[in-house]
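# Fold and geometry: a report
Take a look at the letters that make up each chain.
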Amino acid sequence: MKAKTVKKWGKPVVVGIFVVYLAVLAYFLFFSERYGRGETGEYHYNLIPLQEIKRFIKYRDVIGWEGFIVNIFGNVLAFAPFGFLLPIVSKQNRTFFCVVLYSFEFSLFIELIQLSFQVGTFDVDDLLMNTMGGMLGYLFFLTQKKRLKYFL
(Lines give C-alpha, C1' and ligand atoms only; values in the text may rest on other atoms or scores of the structure.)
Protein backbone atom coordinates (compact mmCIF):
# COMPACT_ATOMS: atom_id res chain seq x y z
CA MET A 1 0.00 0.00 0.00
CA LYS A 2 1.35 3.42 -0.90
CA ALA A 3 2.17 5.96 1.78
CA LYS A 4 -0.35 8.42 0.33
CA THR A 5 -3.16 5.84 0.59
CA VAL A 6 -2.21 4.99 4.18
CA LYS A 7 -2.15 8.70 5.04
CA LYS A 8 -5.60 9.18 3.48
CA TRP A 9 -7.32 6.22 5.16
CA GLY A 10 -5.15 5.72 8.22
CA LYS A 11 -6.64 8.49 10.36
CA PRO A 12 -10.31 7.47 9.82
CA VAL A 13 -9.38 3.87 10.64
CA VAL A 14 -7.71 4.96 13.89
CA VAL A 15 -10.73 7.13 14.75
CA GLY A 16 -12.94 4.09 14.16
CA ILE A 17 -10.72 1.97 16.40
CA PHE A 18 -10.92 4.68 19.08
CA VAL A 19 -14.74 4.72 18.91
CA VAL A 20 -14.91 0.91 19.11
CA TYR A 21 -12.49 0.99 22.06
CA LEU A 22 -14.72 3.52 23.88
CA ALA A 23 -17.82 1.40 23.21
CA VAL A 24 -16.16 -1.78 24.50
CA LEU A 25 -14.86 0.09 27.54
CA ALA A 26 -18.36 1.44 28.24
CA TYR A 27 -19.79 -2.06 28.02
CA PHE A 28 -17.34 -3.49 30.54
CA LEU A 29 -17.65 -0.49 32.87
CA PHE A 30 -21.42 -0.21 32.93
CA PHE A 31 -23.10 -3.37 31.65
CA SER A 32 -20.92 -6.46 32.03
CA GLU A 33 -22.33 -8.60 34.82
CA ARG A 34 -19.12 -10.63 34.90
CA TYR A 35 -17.36 -7.68 36.51
CA GLY A 36 -20.03 -6.95 39.10
CA ARG A 37 -21.93 -4.33 37.15
CA GLY A 38 -25.61 -3.80 37.45
CA GLU A 39 -27.76 -1.73 39.70
CA THR A 40 -27.03 -2.35 43.36
CA GLY A 41 -29.53 0.07 44.89
CA GLU A 42 -26.77 1.37 47.16
CA TYR A 43 -24.00 3.87 46.84
CA HIS A 44 -20.57 2.27 46.97
CA TYR A 45 -17.54 4.48 47.08
CA ASN A 46 -13.97 4.72 48.32
CA LEU A 47 -12.45 8.15 48.91
CA ILE A 48 -9.27 6.97 50.64
CA PRO A 49 -6.33 6.74 48.22
CA LEU A 50 -4.65 3.32 47.97
CA GLN A 51 -7.13 1.67 50.37
CA GLU A 52 -8.63 -0.71 47.80
CA ILE A 53 -5.26 -1.42 46.20
CA LYS A 54 -3.87 -2.45 49.59
CA ARG A 55 -6.97 -4.55 50.27
CA PHE A 56 -6.64 -6.40 46.95
CA ILE A 57 -2.96 -7.05 47.60
CA LYS A 58 -3.54 -8.18 51.20
CA TYR A 59 -6.48 -10.47 50.39
CA ARG A 60 -5.40 -11.66 46.92
CA ASP A 61 -5.59 -15.30 48.03
CA VAL A 62 -9.18 -14.84 49.24
CA ILE A 63 -10.25 -12.72 46.25
CA GLY A 64 -8.53 -15.03 43.81
CA TRP A 65 -5.90 -14.30 41.22
CA GLU A 66 -8.39 -13.32 38.52
CA GLY A 67 -10.04 -10.74 40.77
CA PHE A 68 -6.66 -9.47 41.89
CA ILE A 69 -5.30 -9.09 38.35
CA VAL A 70 -8.50 -7.58 36.96
CA ASN A 71 -8.71 -4.99 39.73
CA ILE A 72 -5.05 -4.08 39.99
CA PHE A 73 -3.86 -4.35 36.39
CA GLY A 74 -7.20 -4.18 34.59
CA ASN A 75 -7.71 -0.49 35.32
CA VAL A 76 -4.23 0.34 34.05
CA LEU A 77 -4.56 -1.81 30.93
CA ALA A 78 -8.08 -0.55 30.21
CA PHE A 79 -6.86 3.04 29.89
CA ALA A 80 -3.57 2.41 28.09
CA PRO A 81 -5.32 2.45 24.68
CA PHE A 82 -6.86 5.81 25.59
CA GLY A 83 -3.41 7.30 26.20
CA PHE A 84 -2.08 5.72 23.01
CA LEU A 85 -4.96 6.58 20.66
CA LEU A 86 -5.87 10.08 21.87
CA PRO A 87 -2.72 11.77 20.50
CA ILE A 88 -3.19 9.98 17.18
CA VAL A 89 -6.83 11.02 16.88
CA SER A 90 -6.33 14.60 18.10
CA LYS A 91 -3.33 16.63 17.02
CA GLN A 92 -3.98 19.18 19.80
CA ASN A 93 -3.60 16.48 22.46
CA ARG A 94 -0.10 15.26 21.79
CA THR A 95 1.50 16.51 24.98
CA PHE A 96 2.03 14.48 28.13
CA PHE A 97 0.04 17.01 30.15
CA CYS A 98 -3.00 16.84 27.84
CA VAL A 99 -3.10 13.06 27.79
CA VAL A 100 -2.74 12.80 31.57
CA LEU A 101 -5.37 15.50 32.13
CA TYR A 102 -7.86 13.90 29.73
CA SER A 103 -7.19 10.43 31.12
CA PHE A 104 -7.96 11.72 34.60
CA GLU A 105 -11.03 13.68 33.47
CA PHE A 106 -12.41 10.76 31.47
CA SER A 107 -11.84 8.44 34.42
CA LEU A 108 -13.53 10.90 36.79
CA PHE A 109 -16.47 11.16 34.39
CA ILE A 110 -16.83 7.36 34.39
CA GLU A 111 -16.55 7.14 38.18
CA LEU A 112 -19.19 9.85 38.62
CA ILE A 113 -21.55 8.03 36.24
CA GLN A 114 -21.01 4.83 38.23
CA LEU A 115 -21.81 6.69 41.44
CA SER A 116 -24.81 8.55 40.03
CA PHE A 117 -26.41 5.49 38.45
CA GLN A 118 -25.29 3.14 41.23
CA VAL A 119 -23.47 0.90 38.76
CA GLY A 120 -20.10 -0.28 40.02
CA THR A 121 -18.17 1.62 42.65
CA PHE A 122 -16.75 5.12 42.79
CA ASP A 123 -13.13 4.56 43.77
CA VAL A 124 -10.27 7.07 43.91
CA ASP A 125 -7.89 4.17 43.36
CA ASP A 126 -9.53 3.63 39.97
CA LEU A 127 -8.81 7.28 39.15
CA LEU A 128 -5.14 6.72 39.98
CA MET A 129 -4.86 3.44 38.08
CA ASN A 130 -6.77 4.68 35.02
CA THR A 131 -4.66 7.83 34.83
CA MET A 132 -1.53 5.70 35.14
CA GLY A 133 -2.83 3.59 32.26
CA GLY A 134 -3.31 6.70 30.14
CA MET A 135 0.26 7.75 30.96
CA LEU A 136 1.65 4.34 29.98
CA GLY A 137 -0.33 4.41 26.74
CA TYR A 138 1.10 7.83 25.94
CA LEU A 139 4.63 6.67 26.67
CA PHE A 140 4.07 3.78 24.26
CA PHE A 141 2.78 6.31 21.71
CA LEU A 142 6.02 8.25 22.07
CA THR A 143 8.10 5.13 21.47
CA GLN A 144 6.09 4.34 18.32
CA LYS A 145 5.74 7.88 16.97
CA LYS A 146 8.11 7.37 14.02
CA ARG A 147 6.21 4.23 12.94
CA LEU A 148 2.92 6.11 13.19
CA LYS A 149 3.96 9.01 10.94
CA TYR A 150 1.35 8.13 8.30
CA PHE A 151 -1.44 8.32 10.86
CA LEU A 152 -0.44 11.63 12.42
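Our structure is the block above this text.
So, here is what we can say about the structure in this document. (Residues numbered from 1 in each chain as written. Predicted model: local features only at pLDDT ≥ 70, side-chain atom pairs only at ≥ 80, totals over all residues. Heavy atoms only, no water.)

### Quick notes on the overall build of the chain
When its secondary structure is counted, the chain shows seven helices and two strands. If you list the helices and strands of the chain from N to C, you get α-β-α-α-α-α-α-β-α. C-alpha atoms of the chain, sized along the principal axes, occupy 55 × 25 × 25 Å. In the chain, which comprises 152 residues, the proportion classed as buried is 36%. Put simply, 73% of the contacts in the chain that link residues at least 6 apart link residues at least 24 apart. Positive and negative side-chain charges in the chain, numbering 17 and 11 respectively, have mean positions lying 24 Å apart. (Helix = DSSP H or I, 4+ residues; strand = E, 2+ residues; numbered from the N terminus. Buried < 20%, exposed > 50% of the residue type's maximum accessible area, 1.4 Å probe, protein only. Contact = heavy atoms within 4.5 Å. Lys, Arg positive; Asp, Glu negative; His and termini not counted. Charge placed at Lys NZ, Arg CZ, Asp CG, Glu CD.)

### Topic: the environment of Val 124
Along the chain, Val 124 falls in helix α7 (residues 124-144). Exposure remark for Val 124: the relative accessible area of 15% places this residue in the buried category. Residues Val 124 and Gly 134 lie 10 residues apart in sequence; the distance between their C-alpha atoms is 15 Å. If near-sequence neighbours (up to four positions away) are discounted, Val 124 is found in contact with Asn 46, Leu 47, Ile 48 and Pro 49.

### Here's the deal with the pattern of salt bridges
A full pass over the atoms with the stated rule returns one salt bridge. Two residues, Glu 52 and Arg 55, come together in a salt bridge whose shortest N-O distance is 2.7 Å. Of this pair, Glu 52 and Arg 55 are both found in helix α2 (residues 51-58), three residues apart, which corresponds to roughly one turn of the helix. (Salt bridge = Lys/Arg side-chain N within 4 Å of Asp/Glu carboxyl O.)

### Here's the deal with the nonpolar core
One finds Leu 85 and Ile 88 to be the most contacted residues of the largest nonpolar core, which totals 17 residues. If you list the elements that add at least two residues to this core, you get α1 (3-30), α5 (74-89), α6 (96-116) and α7. Core analysis: the second largest hydrophobic core is formed by six residues, Phe 68, Ile 72, Val 76 and Met 129 among them. (Core = buried A, V, L, I, M, F, W, Y, C linked by side-chain atoms within 4.5 Å.)

### Points about the packing of aromatic side chains
What characterises a pair of aromatic rings is the spacing of the ring centres plus the angle enclosed by the ring planes. One pass over the full model with this rule turns up 13 aromatic pairs. Their ring planes at 70° and their centres at 5.3 Å tell us that Tyr 27 and Phe 28 sit as a pair that is edge-to-face. Ring geometry for Phe 79 versus Phe 82: centroids 6.1 Å apart, planes at 50°, classification tilted. With Phe 79 and Phe 82 both in helix α5 and three residues apart, this pair spans about one turn of that helix. With respect to burial, Phe 79 and Phe 82 carry one shared label: buried. Through successive ring pairs, a cluster of aromatic residues spans Phe 18, Tyr 21, Phe 79, Phe 82 and Phe 106. Sitting over the ring of Phe 56, Arg 55 keeps its end group 4.8 Å from the ring centre. (Phe/Tyr/Trp six-rings, centres within 6.5 Å; stacked < 30°, edge-to-face > 60°. Lys NZ or Arg CZ within 6 Å of the ring centre and 35° of its normal.)

### Notes on the side chain of Asn 46
With respect to the helices and strands, Asn 46 occurs in strand β1 (residues 45-46). Here Asn 46 falls in the buried class, since its relative accessible area comes to 4%. A polar contact is formed between the side chain of Asn 46 and the backbone nitrogen of Ile 48, at a distance of 3.0 Å. Side chain to side chain, Asn 46 and Asp 123 meet in a polar contact 2.7 Å long. In contact with Asn 46, not counting residues within four places along its chain, are Gln 51, Glu 52, Phe 122, Asp 123, Val 124 and Asp 125. (Polar contact = N/O pair within 3.5 Å; in protein donor to acceptor, adjacent residues only side chain to side chain.)

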